[in-house]
Amino acid sequence: MASNEVEEAVKRINSHKGVMGVLVVNYDGVPIKTSMEAAETVQHAALITHFTQKAKGVIKQLDPDNEVTFLRVRSKKHEILIAPDENYILVVLQNPGSAFVNE
């Protein structure tokens with residue numbers, strides 16, 4: 001995917017109601033694209049990368065022929081949508097009270 005396509009995808013996702021931030025990170029925890037503040041980006045990139053790798057390991061241990069395709073974590077304050085790919089992880093942080101639709 002070209003850089004301008006990634007930028008457009010991040011803008012499109014970020015425009016949805018309730019979305020608080022979008023982050024694309026590599027598996028080293030390095031942010032590639034973000035719509036969040038710098039400190040928040042670094043913290044989320046490191047923690048979510050670690051969390052994603054752990055979740056992938058758990059799934060592989062339970063079933064070596066299976067793999068993680070999507071993670072959704074919901075707390076009282078946030079909902080974190082995680083879409084791991086081969087080289088990158090797409091993360092969407094949203095308000096749990098908002099639907100992920102553009103009304």
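Since we're looking at a predicted model, the values are computed, not measured.

Rules behind the numbers
Residues numbered from 1 in each chain as written. Predicted model: local features only at pLDDT ≥ 70, side-chain atom pairs only at ≥ 80, totals over all residues. Heavy atoms only, no water. Helix = DSSP H or I, 4+ residues; strand = E, 2+ residues; numbered from the N terminus. Rg over C-alpha atoms; globule rule 2.2 N^0.38 Å. Buried < 20%, exposed > 50% of the residue type's maximum accessible area, 1.4 Å probe, protein only. Contact = heavy atoms within 4.5 Å. UniProt positions renumbered as here; feature names shortened; annotations may be inferred. Pairing = 2+ DSSP bridges. Salt bridge = Lys/Arg side-chain N within 4 Å of Asp/Glu carboxyl O. Axes fitted to C-alpha atoms, helices over the stretch in contact; angles between N-to-C directions.

Quick look at the overall build of the chain
Alright, step 1. Along the chain, the regular secondary structure elements total two helices and five strands.
Alright, step 2. Whereas a compact globule of 103 residues would reach a radius of gyration of roughly 13 Å, the chain reaches 14 Å, a difference of no more than 12%.
Alright, step 3. Reported as C-alpha extents along the three principal axes, the dimensions of the chain are approximately 40 × 30 × 25 Å.
Alright, step 4. A total of 103 residues make up the chain; the buried ones form 34% of that total.
Alright, step 5. For the chain, the proportion of contacts with a sequence separation of at least 24, taken over those separated by at least 6, is 41%.

Topic: the UniProt feature "domain: Roadblock/LAMTOR2" (unreviewed entry) in the chain
Alright, step 1. Per the UniProt annotation, the sites labelled "domain: Roadblock/LAMTOR2" (unreviewed entry) are residues 6–94.
Alright, step 2. Overall, residues 6–94 shows 38% helix and 33% strand. The separation of its end C-alpha atoms is 19 Å.

What about the pairing of strand E2 (residues 31–34)?
Two faces make up the sheet, and in a regular strand the side chains alternate between them.
Alright, step 1. Two elements, strand E1 (residues 19–26) and E2, share three bridges in a ladder whose sense is antiparallel. Following the sheet pairing, Val25 is matched in E2 by Pro31.
Alright, step 2. In this antiparallel pair of consecutive strands, E1 and E2, the connection spans four residues, and Gly29 shows a positive phi of 85 degrees.

Some points on the pattern of salt bridges
Alright, step 1. Considering all chains together, one arrives at two salt bridges under this definition.
Alright, step 2. Residue Lys33 pairs with Glu7 through a salt bridge whose shortest N-O separation is 3.1 Å. Here Lys33 is found in strand E2, whereas its partner Glu7 is found in helix H1 (residues 3–14), with 26 residues between them in sequence.
Alright, step 3. Glu7 sits in the partly exposed class, given a relative accessible area of 29%.
Alright, step 4. The shortest N-O distance in the salt bridge between Arg72 and Glu79 comes to 2.5 Å.
Alright, step 5. For Arg72, a relative accessible area of 56% translates into the label exposed.
Alright, step 6. With relative accessibility at 2%, the residue Glu79 sits in the buried group.

Describing the sheet that holds strand E3 (residues 71–74)
Alright, step 1. Strand order across the open sheet formed by five strands is E2-E1-E5-E4-E3, with antiparallel pairing between neighbours. Each end of this open sheet is capped by a strand with a single partner; those strands are E2 and E3. Ignoring which end each strand starts from, the neighbouring axes of this sheet average 15 degrees apart.
Alright, step 2. Relative to strand E4 (residues 79–84), E3 runs antiparallel, the two sharing four bridges. Residue pairing for E4: Arg72 is matched across the bridge by Leu81.
Alright, step 3. In the packing of H1 onto the sheet, contacts are made with E1, E2 and strand E5 (88–94), and the angle to E1 comes to roughly 150 degrees.
Alright, step 4. In the packing of helix H2 (residues 38–62) onto the sheet, contacts are made with E1, E2, E3, E4 and E5, and the angle to E1 comes to roughly 65 degrees.

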